[in-house]
Amino acid sequence: MNHTPGEFRIIDNLQRFGEDIQRDELKYHNKRVLVCKEFTFDAAHHLHAYEGKCKNLHGHTYKAVFGISGVPNDIGITVDFGEIKDIWKDLIEPYLDHRYLNETLPKMNTTAENMVAWLFEQMEQALQGSIHLKHEDIPCSNDIRTEFVRLYETPTSYAEARREWMLSE
Ligand SMILES: Nc1nc2c(c(=O)[nH]1)N=C([C@H](O)[C@H](O)COP(=O)(O)OP(=O)(O)OP(=O)(O)O)CN2
């Protein structure tokens, strides 16, 4: 196969695994990289010991962003995006989506700062426990870890948990 870009054209020869590219060529590098996945959920909550509108029961469409790092495996995947989604769907979302957060989360004021630390713990426990390996034919690389979680409470307000803060403080 010719690797120079050349003219734009309709491809007539698809790259064939085992002929044009070998398995040991699938991994391009051995460096740590970050993969990120976003999820949204709708939930109701209210704050305690807080004077302002958020003491009243109200709802948000939250957005959670997970940043997970690792060294890619032999086919160039660090952690399958589908694996992150499985963890979210099975272990985290049931506590959040269309829930009353004051009831479903551990006892805490349901601030973005508190919730984002809980999200970090859930993802990290799931990754380290390798609870989910539905994609067993695509093994995760070694040493995958949660680097950060960002939780948007509104489009303009978010809290972030970072690995160094979560593990050291
Ligand atoms: N540091 C924090 N401050 C506030 C939190 C919080 O979790 N951490 N939470 C609230 C309320 O839950 C409130 O609903 C969200 O606050 P706010 O951004 O002020 O909400 P708005 O709807 O006004 O957001 P806009 O995006 O500016 O419209 C309060 N403070």
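As the structure is a computational prediction, the values presented were derived from the model and not from experiment.

Trainee: Help me understand helix α1 (residues 81-92) in this model?
Mentor: Because the α-helix completes a turn every 3.6 residues, residues three or four places apart line up on one side. Between the first and last C-alpha of α1 there are 15 Å, a value that for twelve residues agrees with the 16 Å anticipated at 1.5 Å per step. For α1, the full list of buried residues reads E83, I84, I87 and W88. Burial along α1 is one-sided: seen end-on, the buried residues are contained in an arc of 140°.

Trainee: Looking at this structure, I do not really get the site of the ligand. What am I missing?
Mentor: Surveying the vicinity of the ligand reveals the residues L47, C54, H58, T111, A112, E113, E153, T154, P155, T156 and S157. For the shell around the ligand, the secondary-structure elements that each account for two or more residues are α3 (112-129) and β4 (145-154). Its residues placed into classes, the shell around the ligand shows four nonpolar, five polar and two charged.

Trainee: Just to check I follow, could you spell out the sheet that holds strand β3 (residues 99-100) for this structure?
Mentor: Remark on secondary structure: sheet strands pair via backbone hydrogen bonds, oriented parallel or antiparallel. With respect to topology, five strands assemble into an open sheet ordered β3-β1-β2-β4-β5, the strand pairing being mixed. Taken across any chain shown, the strands that pair with only one partner, and hence form the sheet edges, are β3 and β5 (157-162). One ladder, built from six bridges, connects β4 with β5; its direction is antiparallel. When the sheet's bridge partners are listed, V149 is paired in β5 with A161. Against the sheet, α1 touches β1 (33-45) and β2 (58-70), its axis set at about 25° to β1. Here α3 sits on the sheet and contacts β2, β4 and β5; the angle it forms with β4, its principal contact strand, is near 145°.

Trainee: Could you clarify how one ought to interpret the environment of E153 in this entry?
Mentor: Structurally, the position occupied by E153 is in strand β4. Taking C-alpha positions, E153 is 14 Å from H98, a pair spaced 55 residues apart along the chain. The residues touching E153, leaving out its near neighbours within four places in the chain, are H60, Y62, A112 and Y158.

About the thresholds
- Residues numbered from 1 in each chain as written.
- Predicted model: local features only at pLDDT ≥ 70, side-chain atom pairs only at ≥ 80, totals over all residues.
- Helix = DSSP H or I, 4+ residues; strand = E, 2+ residues; numbered from the N terminus.
- Expected span 1.5 Å × (residues − 1).
- Buried ≥ 20, exposed ≤ 12 C-beta atoms within 10 Å, placed from the backbone.
- Arc of directions from axis to C-beta.
- Near = placed C-beta within 6 Å.
- Nonpolar A, V, L, I, M, F, W, Y, C, P; charged D, E, K, R; others polar.
- Pairing = 2+ DSSP bridges.
- Contact = placed C-beta atoms within 7 Å.
- Axes fitted to C-alpha atoms, helices over the stretch in contact; angles between N-to-C directions.

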